Structure formats: C-alpha cells, structure tokens
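# Structure assessment
In case you want the letters, here they are:
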Amino acid sequence: MSEPSAQQVLKQALKASQIWWQDMGVEATVLPPAPKPKITATRKAPAQTAQKETPAAPDISAQMIKAAEQAKAAPTLDALKTVLENFDAGVLSDHARNTVFARGNPDADIMVIGEAPGRQEDESGKPFVGPAGQLLDKMFAAIDLGADDLYITNVCNWRPPGNRNPNEEELAMCAPFITRHMELIAPKLVVIVGGVSLQALTGKTGIMKTRGQWQELDIANQKTPALPLYHPAFLLRRPELKKDAWRDLLAIRERLSGL
Ligand code: URA
C-alpha cells in the first residue's frame, strides 16, 4: 500500500480531533478544514517572488457539475447511495462522520424530506433518529403511518459543521442528488420538513406562511403533491404550534385517501 500523502494525514488528524471534540459535547468546528486542492483549476505558475501561498478555496462549482453528472448516471438507489458515499462534498463530507442516505420503505407512497443530519444522524448514518426524528415518527403515527409507510431522507446528506444549516451553494451542490433520489423513489406524495427543505425543493422561503399549503413538485415529469410541515425540532421549541402541525397531518391523511 502506498504511503498516505501529507494532506491525507492532516485530514485524518483533523477528523479524529473533531470526533473527539464532538464526544466531549463541543459543537463548534475547532480547527479550520485542511486546505483542499482546487478541482478543475488550471492555474498560472506562481510568480518567482516569494509571496506566501494562500490555500485555494474549494471549487464548489466543479463539485456541483460532478454532482449533477454522477447523480444523473446513478441507475438505482444503491448506486446513488454509493455515489454519495464516495462524493467529495468539500467541507460537508470532510467534517461528517457518515453520509446519511435514507431510512424507511423505498416502495412507500410517501417520501419525507428533511433538511440535514444532526449529531445522532451523523453518528448512526440514518436520518431523523434523534429527538426531532422521534417526534416526527410520533406525528406520523398519530395519522396511522408507520415505518413501512414512509421513506425518509434529507436535502443534504452530510451534517454541516457546527450543526449550522447548509448554505445556498451547498444546497445547490446537493440538489442533483435529492432530485435523482426523488426520481428513483417516485413517491405519490412528498412531505417537506422545515424551511431549508422548502427552499431547496421549491425555491420558496418562509415556512411559517407556507406550511400547510399544498405545493407541486415535478418528479420525473410527474406532478407530485407536496406539503410543507414545520420541522419537528422547531415544534420541540414551540409546542404551541403543534396544533397547526396536527392540521397539516390531517391534510396529508385526507390527500392520501384520494390517491
Ligand atoms: N433534522 C433534519 O432535518 N434531518 C435529520 O435527519 C435530522 C434532523
């Protein structure tokens, strides 16, 4: 086996120290990411005058192109999962412990799409397994929908560092993956969980005013109904809004009976 490069060693050390800090309960990113080589760059040779080299920013537009090409070419769910697991998503995949793909029944009529993994999801590699996920399961159980009735994933498959929301560029990079994911599942109904997913899937902002209003997603040329819901993490902080969520769940139940 060949010797790891200095950059690989640095990357491993960075990841190990981050895991240690996370185990200690520290959320923030404590070290800067290892500088990444620009992916497509053809750069001029540096001038001979000894100026200090600044590390190149990761070329996210190149990653976006790669994401689009690779997602489109994935013929099955397993293939898409493998593509994601091997994808260099820059800061996102550098900082994540696991790629979080999906849980549930791929043949379910309902696809539930959240925002991005949190700590427990990052550790387990499964979406919505922490406190928010437990509430989400209870919400669906209240309208008689269990694990077999749902297929659950996120618009972003890696936990962003420090538990922040994925930014616009990251969401744009992840978009081809969730698009292909929806095509492969071909759900009859989508539940959009939270404002970040609302924006990523519909371009709309403002979950407070949009929740409970039916949207239409174009999934492989099929017009698919989609209902935005408050994120369960938000409901844990604002339990007085659960009555709105209950109305939205009843709307899902009713829509399903007509499908
Ligand atoms: N929040 C999300 O949006 N997705 C998860 O998987 C966990 C928490």
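Look above for the structure.
Here's what I pulled together on the structure shown here. Small disclaimer: the values here were computed from a predicted structure and weren't measured. (Residues numbered from 1 in each chain as written. Predicted model: local features only at pLDDT ≥ 70, side-chain atom pairs only at ≥ 80, totals over all residues. Heavy atoms only, no water.)

## Some thoughts on the packing of helix 2 (residues 60–73) against helix 7 (residues 168–185)
At a closest axis distance of 8 Å, the pairing of helix 2 and helix 7 adopts a crossing angle of 5 degrees. Comparing the axis directions of helix 2 and helix 7 gives the class roughly parallel. Contact with helix 2, carried on its side by Ile 60, Gln 63, Met 64, Ala 67, Ala 68, Ala 71 and Lys 72, involves Glu 169, Glu 170, Ala 172, Met 173, Pro 176, Phe 177 and Arg 180 of helix 7 and no other residues of that element. Of the residues belonging to the contact of helix 2 with helix 7, the class tally is nine nonpolar, one polar and four charged. (Axes fitted to C-alpha atoms, helices over the stretch in contact; angles between N-to-C directions. Helix = DSSP H or I, 4+ residues; strand = E, 2+ residues; numbered from the N terminus. Parallel < 35°, antiparallel > 145°, perpendicular 65-115°, else oblique. Contact = heavy atoms within 4.5 Å. Nonpolar A, V, L, I, M, F, W, Y, C, P; charged D, E, K, R; others polar.)

## Some points on the site of the ligand
Within the structure, the ligand sits among Gly 114, Glu 115, Ala 116, Pro 117, Gly 118, Glu 121, Pro 127, Phe 128, Asn 154 and His 231. Between the ligand and Asn 154 there is a distance of 2.8 Å, counted from a nitrogen atom to a side-chain nitrogen or oxygen. For the ligand, an oxygen atom lies 2.8 Å from a polar atom in the side chain of His 231. For the ligand, the accessible surface in isolation is 230 Å², of which the surrounding protein chains cover 93%. (Near = heavy atom within 4 Å. Polar contact = N/O pair within 3.5 Å; in protein donor to acceptor, adjacent residues only side chain to side chain. Areas by Shrake-Rupley, 256 points an atom, 1.4 Å probe, with all protein chains shown as cover.)

## Thoughts on the pattern of salt bridges
Counting across every chain of the model gives nine salt bridges. With a closest N to O distance of 2.7 Å, Arg 211 and Asp 248 form a salt bridge. Of the two residues, Arg 211 is situated in the loop between helix 9 (207–210) and strand 5 (215–219) and Asp 248 in helix 11 (residues 242–257); the sequence distance between them amounts to 37 residues. Residue classification places Arg 211 among the buried positions, given a relative accessible area of 16%. Given a relative accessible area of 3%, Asp 248 falls into the buried group. Connected through salt bridges with shared partners, the residues Arg 211, Asp 244, Arg 247 and Asp 248 form a single ionic network. (Salt bridge = Lys/Arg side-chain N within 4 Å of Asp/Glu carboxyl O. Buried < 20%, exposed > 50% of the residue type's maximum accessible area, 1.4 Å probe, protein only.)

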